[in-house]
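Take a look at the letters that make up each chain.
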Amino acid sequence: MTQNRRPMPLLAPSLLAADFGNLQAETERLAGSAADWLHCDVMDGRFVPNISFGIPVLQAIHRHAKQPLDVHLMIEDPQHYLSAFRDAGAHNLTVHYEACTHLHRVIQQIKQLGCKAGVALNPHTPVRVLEDVAADLDLVCIMSVNPGFGGQAFIPNTLRKVAALKELLVDCGSSALIEIDGGVTSENASALVEAGADVLVAGSFVFNAPDPVATLAELRAQLAATVNAEEANR
Ligand SMILES: O=C(CO)[C@@H](O)[C@H](O)COP(=O)(O)O
């Protein structure tokens, strides 16, 4: 029996770590890079103890972006703002499990808007809470730091969580991608992909590097080697 080749993991640099004074240049320089998506962190100062940017800034990023915008809403009551973020250019809309009383309804709303629907889980939230919505999801984002700030240390328990989520998605017949967000570097990227991650978000590792475009290319090459080695051992 022939087994399907695993798709290459996607890279989503987080613009939270970019130079906000030069967002046009920061976005444009990623145009020809190994970035598959541009990760945009929206924070409201309520769900998380920080405020980043909102709809007008997302609109501005979208004007200059060549890649789809992967929008991570770290906000309370996201249901009130979904269509505004879609209109501003969001391709993926990810809401937090912890911020949604009526999560199933919010997921349906995102899909009705024509966006890909994602749910993010804080580090303390077990993956099993997604059992009854997994089949409807396009993306599950596992937070590997506590949300709110860039530049934090990766939480090692994430690796166990990725494997548990992979199992849950298979059991539920879900084709949702597994995204990891927070503290991702070349040190943990291969282990994350081996555990089952499909999308890696990296902020400070990319933007604090002397050459973010070269860093993305190196990460892409590293992950290609990881996947190829995995295929060779199957
Ligand atoms: O959502 C968040 C933080 O809340 C992340 O997207 C960070 O922006 C990732 O940044 P690094 O941990 O890679 O610096």
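Quick notes on the rules
Residues numbered from 1 in each chain as written. Predicted model: local features only at pLDDT ≥ 70, side-chain atom pairs only at ≥ 80, totals over all residues. Helix = DSSP H or I, 4+ residues; strand = E, 2+ residues; numbered from the N terminus. Rg over C-alpha atoms; globule rule 2.2 N^0.38 Å. Buried ≥ 20, exposed ≤ 12 C-beta atoms within 10 Å, placed from the backbone. Contact = placed C-beta atoms within 7 Å. Near = placed C-beta within 6 Å. Nonpolar A, V, L, I, M, F, W, Y, C, P; charged D, E, K, R; others polar. UniProt positions renumbered as here; feature names shortened; annotations may be inferred. Expected span 1.5 Å × (residues − 1). Pairing = 2+ DSSP bridges. Right-handed = clockwise from strand over helix to strand, strands pointing away.

This part covers the overall build of the chain. Within the chain, the regular secondary structure consists of 8 helices and 8 strands. In summary, the chain has a C-alpha radius of gyration of 17 Å against a globular reference of 17 Å for 234 residues, a match within 12%. Summarising its shape, the C-alpha atoms of the chain cover approximately 50 × 45 × 30 Å along the three principal directions. Counting over 234 residues, the chain shows a buried share of 44%. Within the chain, residue pairs in contact and separated by at least 24 positions form 66% of the contacts whose partners lie at least 6 positions apart.

Before going further, it helps to examine the site of the ligand. Looking at the ligand, there are 22 residues lining it, with Leu-16, Pro-147, Gly-150, Gly-203 and Ser-204 nearest. When residues of the shell around the ligand are traced back to their parent elements, those giving at least two are β2 (38–43), β8 (199–202) and α7 (204–207). Of the residues contributing to the shell around the ligand, the split by class is 9 nonpolar, 11 polar and 2 charged.

UniProt marks Asp-41 and Asp-181 with the feature "active site" (unreviewed entry), using the numbering shown here. For this annotated set, covering 141 residues, all C-alpha atoms fall within 10.4 Å of each other, a compact arrangement in space. Along the polypeptide, Asp-41 turns up in strand β2. Other than its neighbours up to four places away in sequence, Asp-41 contacts Ser-14, Leu-16, Ser-52, His-72 and Met-74. Discounting chain neighbours no more than four positions away, the residues touching Asp-181 are His-72, Cys-141, Met-143, Ser-144 and Val-201.

With that out of the way, let us pick up helix α5 (residues 158–172). A rise of 1.5 Å per residue sets the reference length of α5, with its 15 residues, at 21 Å; its end C-alpha atoms lie 21 Å apart and thus fit the reference within 8%. Against β6 (139–143), β7 (177–181) and α6 (189–195) lie the buried residues of α5. Where α5 terminates, the next one or two residues include Gly-173, which has phi positive at roughly 65°.

Before going further, it helps to spend a moment on the pairing of strand β4 (residues 90–96). The buried fraction of β4 amounts to 6 of the 7 residues, a majority that puts the element mostly inside the structure. Sheet analysis places strand β3 (residues 69–74) next to β4, joined by 4 bridges and oriented parallel. Note that in β4 the partner of His-72 across the bridge is Thr-94. The parallel pair β3 and β4, bridged by helix α3 (residues 82–88), forms a crossover whose chirality is right-handed. With 5 bridges connecting them, β4 and strand β5 (residues 116–121) associate as parallel partners. Within β5, the position partnered with Val-95 by the bridge is Val-119. Crossover β4 to β5 through helix α4 (residues 103–112) is right-handed.

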